[in-house]
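Each chain, written out:
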Amino acid sequence: MPDNKYDSIVIGAGAAGLMCAALAGARGRKVLLLDHSHKLAEKIRISGGGRCNFTNINTAPECYISNTPKFCISPLSRYTPKHFIELLNKYNITYHEKTLGQLFCDGSSEQIIELLDSLGNDSKVKRCMGVSILCVEKELSGFKVATSIGDFVSESVVIATGGLSIPQIGATGFGYNIARQFGHNIIKTDAALVPLALSPEELQYLSPLSGTSFFSSASINKTNFQENTLITHRGLSGPAILQISSYWSGGVAISLDMLPNMNITEELSANRSSNKLLENFLAQFFSMRLASSLCAMLQINKSISQLSKSDIHKISNFIHSFTIKPTGSLGYKKAEVTKGGVDCKELSSKSMMSNKVEGLFFIGEVVDVTGWLGGYNFQWAWASAFAAAQNI
Ligand SMILES: Cc1cc2nc3c(=O)[nH]c(=O)nc-3n(C[C@H](O)[C@H](O)[C@H](O)COP(=O)(O)OP(=O)(O)OC[C@H]3O[C@@H](n4cnc5c(N)ncnc54)[C@H](O)[C@@H]3O)c2cc1C
């Protein structure tokens, strides 16, 4: 085979691209992996606070957002968290469950990059970094990919260029542009798993609490997440807010239950004779700083025994149904993922190949499948990569 001719060209050496290229190479396919960045898999490197939350043992289709919710079932069922864990065991990478099924490396996320790197080397994937992709063209049989280091031809092309989040480390809209070029529909993209901004009025009383976090249930309609909420100087963050942000769109209110596992009315009623100040009572459940601020916001400076029925009603409403109306999100610069993307209705869930263009594949975050926080997005990257790797 001439030097510039490959069975498949994978564009994007991130989580999905590295995995797909290595698995296809292991099947004996001649694979070229291209990336415009000089550094390999930057998002893996910075993920999970540097420890990479590489999967979630509770992975299920319900943990993904998509305009075609059933699309992810097939890829996820053929490459499960167990498969990725087997790979880690083979490479002696130790890991632990942090919470809620989230698996992290004991060491660092570099271990995952090294694993994928050596898988690719073992299967003789040719990798070129720092390469600009000038155009991808369909030819009579296969594709021509013109790049800053020359032209390459292949039977198939896999687009694994991810979403728009964190442009500072190389995210681009390349995958969406290629999809549009070949006549694909793009489900509207937006920042997801992202902190939310509040209005100056709301920040006036919340920003002095910046850095405070509390266990909460954040909901929009029937969707809710019970995890920590963090107050920041610009608004709200923390896992509960990041999770609900993926379901949030402009103008929608979020309801926060600050004591989701308790009925504050019952607690206060059971302590009716107490002379404790309300703020000291609330400090059992929150930090003193937050308890004092809650009382200031409620404008109640009384002991429990002095509370009227309407005070208790007001406290309960405030604590269990605190309503916030974010003014926006902090955008792609701060988002962990991009929701929306290449319309799954136009892809095969068996192979990830385009239904419109023979030999063109889309995998990973560029596709309209967005996981919850907690390792679900990497699991989608591995699973969609596996599906494509069997078919290129
Ligand atoms: C801060 C942060 C922390 C995260 N932590 C976790 C976590 O712990 N667990 C989890 O499951 N998910 C996490 N995610 C999400 C996860 O990183 C992504 O969902 C995953 O990396 C998507 O994989 P991908 O291969 O589709 O895209 P990416 O990993 O983004 O890879 C895309 C690749 O394409 C390349 N590329 C882009 N444009 C071009 C172009 N024009 N030409 C050539 N190459 C191009 C990029 O350089 C990159 O190497 C995190 C994300 C962020 C931002």
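Residues numbered from 1 in each chain as written. Predicted model: local features only at pLDDT ≥ 70, side-chain atom pairs only at ≥ 80, totals over all residues. Heavy atoms only, no water.

Digging into the overall build of the protein
Looking only at helices and strands, the protein has 13 helices and 21 strands in total. Reported as C-alpha extents along the three principal axes, the dimensions of the protein are approximately 85 × 40 × 35 Å. Every one of the 392 residues in the protein was classed for burial, and the buried ones make up 55%. Sequence separation of 24 or more characterises 71% of the internal contacts of the protein that already satisfy a separation of 6 or more. (Helix = DSSP H or I, 4+ residues; strand = E, 2+ residues; numbered from the N terminus. Buried < 20%, exposed > 50% of the residue type's maximum accessible area, 1.4 Å probe, protein only. Contact = heavy atoms within 4.5 Å.)

Some thoughts on the nonpolar core
Core analysis: the largest hydrophobic core is formed by 83 residues, its most contacted members being Ile44, Ile112, Val136, Val367 and Trp382. The element best represented in this core is helix α13 (residues 376–389), accounting for ten residues. Apart from the residues within four sequence positions on either side, Val367 is in contact with Phe71, Gly340, Gly341, Val342, Cys344, Leu347, Met352, Phe362 and Trp380. Core analysis: the second largest hydrophobic core is formed by 39 residues, Leu198, Leu203, Ala218 and Ile315 among them. (Core = buried A, V, L, I, M, F, W, Y, C linked by side-chain atoms within 4.5 Å.)

Brief notes about helix α11 (residues 288–298)
Every buried residue belonging to α11 is among Leu290, Ala291, Ser293, Leu294, Cys295 and Leu298, and all of these are buried. Of the surrounding elements, those touching the buried residues of α11 are β13 (213–220), β14 (223–231), α10 (278–282) and α12 (309–320). Two residues or fewer past α11, Gln299 is found with a positive phi of approximately 55°.

Remarks on the side chain of Thr161
With respect to the element layout, Thr161 can be found in the loop between β10 (150–159) and α6 (174–181). One polar contact links the side chain of Thr161 to the main-chain amide nitrogen of Gly175, over a distance of 3.2 Å. Dropping the residues within four chain positions of it, Thr161 is found in contact with Ile11, Gly12, Thr172, Phe174 and Gly175. (Polar contact = N/O pair within 3.5 Å; in protein donor to acceptor, adjacent residues only side chain to side chain.)

Describing the packing of aromatic side chains
By the definition in use, this model includes 14 aromatic pairs. Measuring from centroid to centroid gives 6.3 Å for Phe143 and Phe182, while their planes differ by 80°, and the two rings are edge-to-face. In this pair, Phe143 is assigned in strand β9 (residues 142–147) and Phe182 in the loop between α6 and β11 (186–192), connecting sequence segments 39 residues apart. An angle of 85° between the planes, with centres 5.1 Å apart, marks the rings of Phe225 and Trp372 as edge-to-face. One end of the pair, Phe225, is in strand β14; the other, Trp372, is in the loop between β21 (370–371) and α13, and 147 residues separate them in sequence. Three or more aromatic residues joined by ring pairs make a cluster, and in this case those are Phe54, Phe84, Tyr95, Phe378 and Trp382. It is Lys30 that lies over the ring of Tyr6; its NZ or CZ is 4.6 Å from the centre. In this structure, Lys138 is placed above the aromatic ring of Phe143, and the distance from its NZ or CZ to the ring centre is 4.7 Å. (Phe/Tyr/Trp six-rings, centres within 6.5 Å; stacked < 30°, edge-to-face > 60°. Lys NZ or Arg CZ within 6 Å of the ring centre and 35° of its normal.)

Examining the site of the ligand
Close to the ligand lie 30 residues; Ala16, Asp35, Thr172, Glu365 and Phe378 are nearest. Ala15 has a polar backbone atom sitting 3.2 Å from an oxygen atom of the ligand. Taking Asn377, its main chain carries an N or O atom lying 3.3 Å from an oxygen atom of the ligand. Classifying every residue of the shell around the ligand gives twelve nonpolar, 14 polar and four charged. (Near = heavy atom within 4 Å. Nonpolar A, V, L, I, M, F, W, Y, C, P; charged D, E, K, R; others polar.)

What to know about the domain arrangement of the protein
Assigned domains of the protein: these are domain 1 (5–191 + 336–389) and domain 2 (196–329). Relative placement of domain 1 and domain 2: their C-alpha centres are 39 Å apart. Residue-level contacts link six residues of domain 1 with ten residues of domain 2. Between domain 1 and domain 2 lies a buried interface of about 740 Å² when both sides are counted; carbon and sulfur atoms form 53% of it. Together, Ile65, Trp372 and Leu373 form the three largest contributors to the area buried by domain 1 at its contact with domain 2, with a combined 54%. Our count for the contact surface shared by domain 1 and domain 2 stands at zero salt bridges. Summed over the shared surface of domain 1 and domain 2, the number is four residue pairs in polar contact (both at pLDDT 80 or more). Taken together, the residues of the side of domain 1 that touches domain 2 sort by class into five nonpolar, no polar and one charged. (Domains from an automatic or database assignment. Buried area = accessible area lost by both parts, 1.4 Å probe. Salt bridge = Lys/Arg side-chain N within 4 Å of Asp/Glu carboxyl O.)

Here we look at the packing of helix α1 (residues 15–26) against α13
One way to put it is that α1 packs onto α13 with a least axis distance of 8 Å and a crossing angle of 35°. Between α1 and α13 lies a crossing of right-handed hand. Here Ala15, Ala16, Met19, Cys20, Leu23 and Ala24 of α1 lie close against α13, whose contacting residues are Phe378, Ala381, Trp382, Ala385, Phe386, Ala388 and Ala389. Across the contact of α1 with α13, the residue classes tally to 13 nonpolar, no polar and no charged. (Axes fitted to C-alpha atoms, helices over the stretch in contact; angles between N-to-C directions. Left-handed = near helix turned anticlockwise from the far one by under 90°.)

Description of the environment of Leu18
Structurally, Leu18 is set in helix α1. Relative accessible area serves as the criterion here: at 3%, Leu18 is assigned to the buried category. Separated by 107 residues in sequence, Leu18 and Val125 place their C-alpha atoms 9.3 Å apart.

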